[in-house]
Amino acid sequence: MVHERIVAACQRAGRADRPQVIAVTKNQDPAILPALATAGLHCYGENRVEHLRLMHAVAPPNSAFAYIGRVQSRQLTTVATYCTSLHALADIRHVRRLAEACRRLERRLEVFVQVNTSHEAGKAGVEPQGLPAVLDACRTHEDALNVVGLMTMAPDIRGSGDDGTVRRTFADLRTLAETHAVPGLSMGMSTDYEIAIEEGATHLRLGTILFP
Ligand SMILES: *Cc1c(COP(=O)(O)O)cnc(C)c1O
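Residues numbered from 1 in each chain as written. Predicted model: local features only at pLDDT ≥ 70, side-chain atom pairs only at ≥ 80, totals over all residues. Heavy atoms only, no water.

Draft legend 1. Region of interest: the overall build of the chain. Counting its regular elements, the chain contains eight helices and eight strands. A compact globule built from 212 residues should have a C-alpha radius of gyration of about 17 Å, and the chain, at 16 Å, falls within 12% of that. Taken along its principal axes, the extent of the C-alpha atoms in the chain is 45 × 45 × 30 Å. Expressed as a percentage of the 212 residues in the chain, the buried residues total 51%. Residue pairs in contact within the chain that sit at least 24 positions apart in sequence constitute 54% of those at least 6 positions apart. Of the accessible surface of the chain, which amounts to about 10,100 Å², a share of 51% is contributed by carbon and sulfur atoms. In the chain, 23 positive and 23 negative side-chain charges are present, and the distance between their average locations comes to 4 Å. (Helix = DSSP H or I, 4+ residues; strand = E, 2+ residues; numbered from the N terminus. Rg over C-alpha atoms; globule rule 2.2 N^0.38 Å. Buried < 20%, exposed > 50% of the residue type's maximum accessible area, 1.4 Å probe, protein only. Contact = heavy atoms within 4.5 Å. Areas by Shrake-Rupley, 256 points an atom, 1.4 Å probe, with all protein chains shown as cover. Lys, Arg positive; Asp, Glu negative; His and termini not counted. Charge placed at Lys NZ, Arg CZ, Asp CG, Glu CD.)

Below you can see the structure in the form of structure tokens.
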């Protein structure tokens, strides 16, 4: 079902490529993992380090974990240890610490910088005008951090039918990515992934819709 809708949205957008689906397993029992792997879903999104550890301990060998939540400085090493990507880098002070953790672990982490393109007060993410500084900081640690994209979260418009605001939030992220030569776009959740695909999402973060 979701797969068909993803394919249809790609066709509407004239896209030959397919976005990668990150199955957001943050509220799921670890016993769900084999079924997800059978369904072809191998990348799992987590937003709490305790649950990340729990899932990682039982995940099939070819699994990958994406950290999608607000991350605290003291959790950076844990994220670098268990995840292949961080989708919510939003604090320039984390860049050097994260890079140092990666070097100690001899790993290179994929990073998405979260940008607040919905302009909601209190929303996570750097403001668009702060993005160049964060990207420059990441690029001085290229050996440890691979900046693959930008990430955003659209405003919750359930019930209001205001697709325009969501589309603008995603389109603004795409423009920023083009301006700063970043290839990836992590955007689109259960309620808005079709709009995100039409606006160029390369990574979808899907929770609820996969676990009805
Ligand atoms: C929970 C979460 C998702 C998934 O949300 P659904 O609406 O359940 O698809 C995606 N991204 C982030 C950052 C989340 O915290």
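Alright, that's what it looks like, and here's the rest.
Draft legend 2. Quick look at the site of the ligand. Lining the immediate environment of the ligand, one finds V24, K26, I68, M153, M189, S190, R205, L206, G207 and T208. A distance of 2.8 Å separates an oxygen atom of the ligand from a polar side-chain atom of K26. S190 is positioned such that a nitrogen or oxygen atom in its side chain is 2.5 Å from an oxygen atom of the ligand. Relative to its unbound accessible area of 390 Å², the ligand is 87% covered by the protein chains. Counted by class, the shell around the ligand contains five nonpolar, three polar and two charged residues. (Near = heavy atom within 4 Å. Polar contact = N/O pair within 3.5 Å; in protein donor to acceptor, adjacent residues only side chain to side chain. Nonpolar A, V, L, I, M, F, W, Y, C, P; charged D, E, K, R; others polar.)

Draft legend 3. View of the nonpolar core. Membership of the largest hydrophobic core comes to 60 residues, with the highest contact counts inside it found for I6, L89, V113, L145 and L150. When residues no more than four places from it in sequence are discounted, the contact partners of L145 are V95, L98, A99, C102, R108, L109, V111 and C138. Listed in part, the six residues of the second largest apolar core include C43, A64, A66 and I68. (Core = buried A, V, L, I, M, F, W, Y, C linked by side-chain atoms within 4.5 Å.)

Draft legend 4. Quick look at the environment of L173. Tracing the chain through its elements places L173 in helix α7 (residues 163-179). Taking C-alpha positions, L173 is 21 Å from V95, a pair spaced 78 residues apart along the chain. Once residues lying within four places of it in the same chain are set aside, the contact partners of L173 are V115, T117, L150, M151, T152, L185, S186 and M187.

Draft legend 5. Helix α5 (residues 93-105), seen in detail. Considered for burial, the residues of α5 that qualify are H94, V95, L98, A99, A101 and C102. Along the axis of α5, the buried positions cluster into a sector of 160 degrees, meaning they face one direction only. Of the residues in α5, the exposed ones pointing more than 90 degrees away from the buried face are R93, R96 and R104. On its buried side, α5 packs onto α4 (76-82), β4 (85-89), β5 (109-114), α6 (131-139) and β6 (145-151). E106 occupies a position one or two residues after α5 and carries a positive phi of about 55 degrees. (Arc of directions from axis to C-beta.)

Draft legend 6. Structural view of the pattern of salt bridges. Within this structure, the stated rule accounts for eleven salt bridges. The salt bridge involving R96 is made with E100; its shortest N-O contact spans 2.9 Å. Taken as a pair, R96 and E100 lie in helix α5 at a separation of four residues, close to a single helical turn. Put simply, E178 and R174 hold a salt bridge, and the shortest N to O gap is 3.9 Å. Within this pair, E178 and its partner R174 are both found in helix α7, separated by four residues, close to a single helical turn. The class for E178 is exposed, based on a relative accessible area of 58%. (Salt bridge = Lys/Arg side-chain N within 4 Å of Asp/Glu carboxyl O.)

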